[in-house]
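What follows is the residue order along each chain.
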Amino acid sequence: MQLKEFDAFPKVESGFVKRTGSGGILTLVVSAILCILVIGEIRDYMTLRNDYRFLVDPLVNHELQINLDITVAMPCDALNIDLRDVADVQLRLSDKLQKIPTHFSLGSSAQSIHIRKQPLNVQKLIKAASRTAALEQSTKESNGDFKACRIAGSFAANKLSGNMHITAVGHGYRGTHIDHTLMNMTHKIDELSFGELYPTIVNPLDDSFEISETQFESFQYFLVVVPTIYVDRSKRELLTNQYSVSEYRQPLVPDMSVPGLFFKYDFEPMTLMITEESTMSFGHLLVRLAGLVGGYFVTAGMVHKVLSAFYYSIKPELAPLRRHNV
Amino acid sequence: MAKPTLNRFKNFDAYAKTLDDFRVKTTTGAVVTLVSAFIILILLLGEFLDYRSIHLESSLVVDSGRKEAMAIDFDITFGKIPCYILTLDVMDVAGEHQSDITHSVYKVQLAPDGTEIKREKSANLGSNGPDPKVVGEDYCGDCGGAIKPESGCCNTCEDVRQAYVRSGWSFNHPEGIEQCVREGYMEKMKEQANQGCRLHGQLTVNKVAGNFHIAPGRSFQRGNMHLHDIQQYLENGLDFSHHIKHLSFGQKVPNVHNPLDDQVVDGAEGLYMFQYYVKVVGTKYQYLNRMPVSTNQYSVTQFNRNLLQKDPFGQMMQVNGLPGVFFHFDISPMLVIQKEERKSFTSFLTGVCAIVGGIFTVASIIDGFIWRAERTLKRKMELGKAL
């Protein structure tokens, strides 16, 4: 027995097959259509889809880093920064964060607006984040009468819901009130993020500002933080936190509220996992391509047979002699 | 007989076969056949495995259940604290005792080397009065000068202890109190002094935010406050090293991992407050061929605090908080549904047909192409020879 015997494909010497012009045209048309479809299929295979999944954090959490860069239109020594969480822990942050006297100016960077409009691209995001772009812009301006204070830095806090607030010295705490004419809670937030600092990730509060109309006003931000894991197609992971925010401002109600900035945050127990993946596996692509090509050729051949049979039954005088079939 | 009937269908034959006399078999054709058969085999195997394997489809919905109960299973070992000191309390979010909990909690006394000595079901119902045969029918114990309870009598050592706490006194010398001597309170204490304790069991609570805690000292309610009598432990401290063997909020299902299982905390000498902030997420697991199971997953944040802190001048600061192990649980509004799924048989069949048909057709096209090319080449070579 020869290897030849395994040949499953019927081939007939060219003398025994008939080629028709219409068949040739059909072959070309089907090939052209198939080319387009195959390219579409391959492009489909190459494009990535973001798969969103939720999981409940399987690790025991302890602390979490909070990054902050806020400019308040008040002198630095008139500001008090504090954090309290549900475990009754108080972090006096006034000394742990950098306080840089500066001028208050508003100007939203066009870049973050641009980034915000873009659709999510996990790979780009991970790449940009790992580059750890320099955050610290130099604030060494010519010395003058600085009326504002930039509060920047990172600190660790319990991963529990809490309340971080920036208030004027004396308000809400024991001690003498500062000069009320200095009070102005106008502020600009350049960075507020949870987890490791990735300056390239734009958070909802980044580059936002509020202008206080009266001296005594309190701004409340309610944040819900969702731990997020980004996984790109080469399985690199980026652990960070996203948050949603709703805000609310309140003019002073005597004896009821304290002027200041309040960030009340809470953590979601669900971790969002955004995975970049292709829509199908390579094997699946192969099957689809084979099905596509095979299916189209077979179907087109059948259609051709039926149509020509139909045509010749109307005009039998054009029919070739083919009655010699067994 | 059958032939003529069959012949009638001949015109419908979509599988026109080439007569063997006209067929040409080539070696390249055989190679293409074998290669395509091999590819088909691999793809079929993959398709079959895909069909047999179970996929987990998870979705997230808002939990719409009402009046649900939640079972808390726990198994916690304290290596350095005897059982008689520890009490377990369950409270809801408003700080009130949950009255409608059913519980089956066991306290197991452990020898210093960890072997189990005695196992008893913890009755949180308060101790019964003394045996009337010993003390007489109308016995009314003295409270040692402390504020008396409503009944006016302190019949048990526990009653006296509570009376002391009510008066704000410390209960440090039980050897002078008649009721305690009768109950053998000191012997119990001495006997258990070096022992450890393992608490395990199940609590069923309403599915609302709340906490349960294991803390030293009998707890009691005063006004709206939940208090523990811990004065006697403040000076020496207690080693709240613990090992959580197991903590779950419901039945075990695949793919759910309880983060606190096998959590060991060592070296907690002094007076520590261990707080576990647990966020419970409802989970429904739908098996392929079994009843769905409703259970819970949780995420946890741990926070420890040493209560015996010194101020900058080396003075002991006032104790702010209760030593012990606290589990604060909060309920998430979301419900995770995990559904086991398997491809349907028809979709498997379609896949098989697509693989076999597709690959064979493509292979036959390739084969025909090769054959024609080969033949054209051969003819050209023959032509060249003839010249």
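Residues numbered from 1 in each chain as written. Chains lettered and ligands numbered in written order. Predicted model: local features only at pLDDT ≥ 70, side-chain atom pairs only at ≥ 80, totals over all residues. Heavy atoms only, no water.

(A) Highlighting the overall build of chain B. On a plain count of helices and strands, chain B comes out with 8 helices and 14 strands. Counting only contacts in chain B whose residues sit at least 6 apart along the sequence, the fraction spanning at least 24 positions is 73%. (Helix = DSSP H or I, 4+ residues; strand = E, 2+ residues; numbered from the N terminus. Contact = heavy atoms within 4.5 Å.)

(B) Summary view of the nonpolar core. In this structure, Phe155(A), Leu192(A) and Phe263(A) are the most contacted members of the largest nonpolar core, which totals 42 residues. In terms of residues, this core owes the most to one element, strand S3 (residues 63-72) of chain A, which gives 5 residues. In this view, Phe155(A) contacts Leu64(A), Gln65(A), Ile66(A), Leu68(A), Leu83(A), Leu91(A), Leu93(A), Leu97(A) and Met164(A); residues no more than four positions away in its chain are not counted. Grouped together as the second largest cluster of nonpolar side chains are 41 residues, Leu203(B), Ala268(B), Leu322(B) and Phe326(B) included. (Core = buried A, V, L, I, M, F, W, Y, C linked by side-chain atoms within 4.5 Å. Buried < 20%, exposed > 50% of the residue type's maximum accessible area, 1.4 Å probe, protein only.)

(C) Fine view of the confidence of the model for chain B. All names here are of chain B. Taken as a whole, chain B shows an average pLDDT of 79; of its residues, 79% reach a score of 70 or greater. Confidence scores differ between elements of chain B, with helix H3 (residues 132-135) showing the lowest mean pLDDT of 58 and strand S10 (residues 242-248) the highest of 91. Residue range residues 124-129 is modelled with pLDDT below 50. Its contacts to residues more than four positions away, or to other chains, number 7 contacts. The complex model carries a pTM of 0.74, and its ipTM stands at 0.71. (pLDDT = per-residue confidence, 0-100.)

(D) Seen up close, the interface of chain A and chain B. Each side of the interface is counted separately: chain A has 46 residues, and chain B has 54 residues. In terms of surface lost to chain B, no three residues of chain A exceed Phe9(A), Lys11(A) and Val60(A), which account for 17% of the buried area on that side. Applying the counting rule to chain A against chain B returns 1 salt bridge. Here chain A and chain B share 6 residue pairs in polar contact (both at pLDDT 80 or more) between them. Of all the elements in the fold, those that place two or more residues in the side of chain A that touches chain B are strand S1 (48-56), strand S2 (60-61), strand S13 (260-267) and helix H4 (282-314) of chain A. Looking at side-chain class alone, the side of chain A that touches chain B contains 27 nonpolar, 7 polar and 12 charged residues. (Buried area = accessible area lost by both parts, 1.4 Å probe. Salt bridge = Lys/Arg side-chain N within 4 Å of Asp/Glu carboxyl O. Polar contact = N/O pair within 3.5 Å; in protein donor to acceptor, adjacent residues only side chain to side chain. Nonpolar A, V, L, I, M, F, W, Y, C, P; charged D, E, K, R; others polar.)

(E) Spatial organisation of the side chain of Thr33(B). By the secondary structure assignment, Thr33(B) is in helix H2 (residues 27-52). You can call Thr33(B) buried: its relative accessible area is 7%. A polar side-chain atom of Thr33(B) sits 2.7 Å from the main-chain carbonyl oxygen of Gly29(B). Setting aside anything within four residues of it in sequence, one finds Thr33(B) in contact with Phe6(A), Asp7(A), Ala8(A) and Phe9(A).

(F) Fine view of the pattern of salt bridges. Residues and elements named next belong to chain A. Enumeration according to the criterion identifies 16 salt bridges over all chains in this entry. The residue Lys159 makes a salt bridge to Asp57 at a minimum N-O spacing of 3.8 Å. Residue Lys159 is found in the loop between strand S7 (148-158) and strand S8 (162-168), and its partner Asp57 is found in the loop between S1 and S2; the two are separated by 102 residues along the sequence. A relative accessible area of 11% places Lys159 in the buried class. Here Glu217 makes a salt bridge to Arg249, at a shortest N to O gap of 3.0 Å. Note that Glu217 is positioned in strand S11 (residues 217-231) and Arg249 in strand S12 (residues 237-251), a separation of 32 residues in sequence.

(G) The UniProt feature "transmembrane region" (unreviewed entry) in chain A, seen in detail. All names here are of chain A. As annotated in UniProt, the feature "transmembrane region" (unreviewed entry) corresponds to residues 20-39 and 289-314 in the numbering used here. Secondary structure content for residues 20-39 is 95% helix and 0% strand, and the end C-alpha separation is 29 Å. The distance from the first to the last C-alpha atom of residues 289-314 is 37 Å, and the span holds 100% helix and 0% strand. (UniProt positions renumbered as here; feature names shortened; annotations may be inferred.)

(H) Focus on a nonpolar patch on the surface. On the surface, Leu3(A), Phe6(A), Phe282(A), Leu286(A), Val31(B), Leu34(B), Val35(B) and Ile39(B) cluster together into a nonpolar patch covering about 650 Å² of accessible area. Of all the elements in the fold, those that place two or more residues in the nonpolar patch are H4 of chain A together with H2 of chain B. Ranked by the residues each element gives to the nonpolar patch, the list is headed by H2(B), at 4 residues. Mapped onto the secondary structure, Leu286(A) falls in helix H4. The exposure class assigned to Leu286(A) is partly exposed, which follows from its relative accessible area of 32%. (Patch = residues over 30% accessible without salt bridge, like charges linked within 9 Å, V, L, I, M, F, W, Y side chains within 5 Å. Areas by Shrake-Rupley, 256 points an atom, 1.4 Å probe, with all protein chains shown as cover.)

(I) The arrangement of the sheet that holds strand S9 (residues 187-194) of chain A in detail. Residue and element names in this part refer to chain A. Within the open sheet, the 5 strands sit side by side as S6-S7-S3-S9-S10. Their pairing is antiparallel. Two strands lie at the open edges of the sheet, namely strand S6 (98-102) and strand S10 (208-210), each paired on one side alone. The sheet shows a mean angle of 20° between the axes of neighbouring strands, taken without regard to direction. (Pairing = 2+ DSSP bridges. Axes fitted to C-alpha atoms, helices over the stretch in contact; angles between N-to-C directions.)

(J) Molecular detail of the UniProt feature "transmembrane region" (unreviewed entry) in chain B. All names here are of chain B. Mapped onto this structure's residue numbering, the UniProt feature "transmembrane region" (unreviewed entry) falls at residues 27-49 and 348-371. With 100% helix and 0% strand, the stretch residues 27-49 has end C-alpha atoms that lie 33 Å from each other. Segment residues 348-371 splits into 100% helix and 0% strand. End C-alpha atoms: 34 Å apart.

(K) Structural view of the environment of Ile366(B). If you trace the backbone, Ile366(B) turns up in helix H8 (residues 345-386). The sequence separation of Ile366(B) and Val181(B) amounts to 185 residues, and the corresponding C-alpha distance is 100 Å.

(L) Quick peek at the pairing of S12(A). Residues and elements named next belong to chain A. Sheet topology note: the S11/S12 ladder contains 15 bridges and is antiparallel. Looking at S12, one finds that Tyr230 is bridged to Leu238. Counted between consecutive antiparallel strands, the loop separating S11 from S12 contains 5 residues, among which Lys235 sits at a positive phi close to 65°.

(M) Molecular detail of the state of the cysteines. Scanning all chains against the criterion turns up 2 disulfides over all chains. Between Cys76(A) and Cys149(A) runs a disulfide, and the two sulfur atoms are separated by 2.0 Å. The sign of the S-S torsion, about 95°, decides the handedness of the disulfide formed by Cys76(A) and Cys149(A): right-handed. Of this pair, Cys76(A) sits in the loop between S3 and strand S4 (79-85) while Cys149(A) is found in strand S7, placing the two residues 73 residues apart along the sequence. The partner cysteine of Cys83(B) in its disulfide is Cys197(B), sulfur to sulfur 2.0 Å. Linking Cys83(B) and Cys197(B), the disulfide has an S-S dihedral of approximately 95° and is accordingly described as right-handed. Highlighted residues: Cys83(B) in the loop between strand S2 (69-78) and strand S3 (86-92) and Cys197(B) in strand S6 (residues 196-206), separated in sequence by 114 residues. Given the relative accessible area of 1%, Cys83(B) is considered buried. A residue is classified by how much of its surface remains accessible, and Cys197(B), at 0% relative accessible area, is buried. (Disulfide = S-S within 2.5 Å.)

(N) Looking closely at empty space enclosed by the protein. Taken as a whole and judged by the stated rule, the model has 2 cavities of 30 Å³ or more. A volume near 50 Å³ is recorded for the largest cavity. What lines the largest cavity is simply Ser248(B), Gly250(B), Gln251(B), Lys252(B), Val253(B), Val256(B), Asn258(B), Thr295(B) and Asn296(B). A per-class count over the lining of the largest cavity returns 2 nonpolar, 6 polar and 1 charged. When its volume is computed, the second largest cavity comes out at roughly 40 Å³. Put simply, the parts of the chain that give the lining of the second largest cavity at least two residues each are S9 and S12 of chain A. (1 Å grid on protein atoms, 1.4 Å probe; cavity = no way out; pocket = protein on both sides within 12 Å on 5 of 7 lines; lining within 4 Å. Points joined across faces, edges and corners; volume = space filled by probe spheres on them.)

(O) Quick look at helix H6 (residues 185-192) of chain B. Residues and elements named next belong to chain B. Within H6, burial applies to Tyr185, Met186 and Gln192. Buried positions in H6, seen along its axis, are confined to an arc of 145° and lie on one side of it. What points out from H6, more than 90 degrees from its buried face, is the exposed set Lys190 and Glu191. (Arc of directions from axis to C-beta.)

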